[in-house]
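Chain residues, written in single-letter form:
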Amino acid sequence: MSRPPFTPTIASLPKLVPFVGPEALERARGRPFSARLGANESIFGASPMAVAAMREAAAENWKYSDPENFELRSAIAAHHGVAIENVVVGEGIDGLLGLTCTMFLTPGAHVVTTDGAYPTFNFHVRAHGGALDLVPMRDMREDVPRLIESAKALSARLLYVSNPNNPMGSWWPAEAMTQFIGTLPPETLLILDEAYVETAPEGTAPPIDVANPQVVHYRTFSKAYGLAGARIGYAIGERSVIEAFDKVRNHYGINRVGQIGALAAIRDQAYLRDAVGAIAAARERIAAIASANGLSPLPSAANFVAIDCGRDAAFAEHVLKALLDRDVFVRKPIAKGIDHCIRVSCGRDEDLDVFAKALPAAIEDAHRLS
């Protein structure tokens, strides 16, 4: 039987998987990982208040979520000192990125991003027929001045910047980001992905100016808040831009339990501070483990540490595989110029004990195979 044809854009795209999940790797291996340190989740978990709220909400999960996300948006708006009309909630930052492409991209429109930055954004761009223009990292961080120059040269519709960056953990201070924003070309919307900003040093996030229709800030409950499985993200921006999301979003796309959990989580800022402290301590320990084994940890403002393996991409790949073989789930960048690194998510002491035990043997294997 025949089927209707795909659109030319979809038909032209290769079948790709941006991330192979640890569950798929465990199925292929036939055994679980002992340390899950590859997906940038918060192994420290969510606020007990959020867990209790979600547990109670589960009994009434026969209800749909509030399609307006009114209470959650109100709490987010109050937390950031903006109006509720400046906030939209979506299915994680991923879902909001897709909606942004729906709102602003036409086939052939230019989109500028960093080579090696968050690959899911690139999937959304290609699915909407956008033309991706990739700028290499410089000194292991996103080269924002060059990104803006490329956006000007191409009259780009969208410019994607993550601050802090994934997968390197590097960041720009707020003062520099504010200066960059002031140089945006008038036809360009800046997608400012701040998924990791809660774990970054004070002075990383630029002020949120909801009068500026060229900048949208994207945040999530998946990282420091410890609610990755709930899939709740939000965006803050100028009112007319945020209102346009209502034209394209799935109004019942948010699961009710996650919606209620996120509301409790943002109200428990004391727990968030504790979680951020635990993440910072884990970053220090990961860096110490790497240094003790002759590797070079990069400074990180995220909930992971990128580690320079000191040789080429093939050597880093051997280290990665050897860690996986020893039941430690980590990941590595694939873009040229950063592919000699691995990336290790923050974890509890017991998780990092497993990593510390496995790393020396993994490096020995990599030297033997190189």
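In this text the structure is predicted, and so the values were computed from the model without any measurement. (Residues numbered from 1 in each chain as written. Predicted model: local features only at pLDDT ≥ 70, side-chain atom pairs only at ≥ 80, totals over all residues. Heavy atoms only, no water.)

**Topic: empty space enclosed by the protein**
At step 1: A full pass over the atoms with the stated rule returns one cavity of 30 Å³ or more.
At step 2: Within this model, the largest cavity holds a volume of roughly 30 Å³.
At step 3: Lining the largest cavity, in full, are Arg-141, Glu-142, Ser-162, Asn-163, Asn-165, Ser-170, Trp-171 and Trp-172.
At step 4: Taken together, the residues of the lining of the largest cavity sort by class into two nonpolar, four polar and two charged. (1 Å grid on protein atoms, 1.4 Å probe; cavity = no way out; pocket = protein on both sides within 12 Å on 5 of 7 lines; lining within 4 Å. Points joined across faces, edges and corners; volume = space filled by probe spheres on them. Nonpolar A, V, L, I, M, F, W, Y, C, P; charged D, E, K, R; others polar.)

**Some thoughts on helix H8 (residues 174–181)**
At step 1: Residues of H8 that are buried include every one of Ala-174, Ala-176, Met-177, Phe-180 and Ile-181, and no others. The buried residues of H8 occupy an angular sector of 160 degrees when the element is viewed end-on, so they sit on one face. Exposed and oriented more than 90 degrees from the buried face of H8 are Glu-175 and Gln-179.
At step 2: Looking at the packing, one finds that the buried side of H8 touches helix H7 (144–154), strand E5 (158–162), strand E6 (189–193) and strand E7 (215–220). (Buried < 20%, exposed > 50% of the residue type's maximum accessible area, 1.4 Å probe, protein only. Helix = DSSP H or I, 4+ residues; strand = E, 2+ residues; numbered from the N terminus. Arc of directions from axis to C-beta. Contact = heavy atoms within 4.5 Å.)

**Details of the pairing of strand E8 (residues 233–236)**
At step 1: Side-chain alternation along E8 places Gly-233 and Ala-235 on one buried face and Tyr-234 and Ile-236 on a second face that is also buried.
At step 2: Direction of pairing for strand E2 (residues 87–90) relative to E8: antiparallel, over a ladder of four bridges. Looking at the pairing, Val-88 lines up with Ala-235 of E8.
At step 3: As judged from the four bridges shared by E7 and E8, these two strands associate in the antiparallel manner. If you follow Tyr-218 over to E8, its bridge partner there is Ala-235. (Pairing = 2+ DSSP bridges.)

**Side note on the layout of surface pockets**
At step 1: Quantified by volume, the largest pocket comes out at close to 690 Å³.
At step 2: What lines the largest pocket is a set of 27 residues, among which Pro-18, Phe-19, Pro-119, Lys-332 and Ile-334 lie closest to the centre.
At step 3: Sort the elements by how many residues they give to the lining of the largest pocket and helix H6 (residues 119–127) lands first, with four residues.
At step 4: If you add up the space inside the second largest pocket, you get close to 580 Å³.
At step 5: What lines the second largest pocket is a set of 26 residues, and nearest its centre among them are Ala-39, Asp-94, Tyr-118, Lys-223 and Arg-231.
At step 6: Those elements that place two or more of their residues in the lining of the second largest pocket are helix H5 (92–104) and E5.
At step 7: When its residues are assigned to classes, the lining of the second largest pocket shows 10 nonpolar, eight polar and eight charged.

**Brief notes about the sheet that holds strand E3 (residues 110–114)**
At step 1: Strand order across the open sheet formed by seven strands is E2-E8-E7-E6-E5-E3-E4, with mixed pairing between neighbours. The sheet is open, and its two edges are formed by E2 and strand E4 (131–135), each paired on a single side. Taken over all neighbouring pairs, the strand axes of this sheet differ in orientation by 20 degrees on average, direction set aside.
At step 2: Examined bridge by bridge, E3 and E4 share five bridges and lie parallel to one another. Following the sheet pairing, Thr-113 is matched in E4 by Leu-134.
At step 3: The sheet contacts of H5 involve E2, E5, E6, E7 and E8, and relative to E7 the element is tilted by about 155 degrees.
At step 4: The strands touched by H6 are E3, E4, E5 and E6; relative to E4, the strand with the most contacts, the crossing angle is about 150 degrees. (Axes fitted to C-alpha atoms, helices over the stretch in contact; angles between N-to-C directions.)

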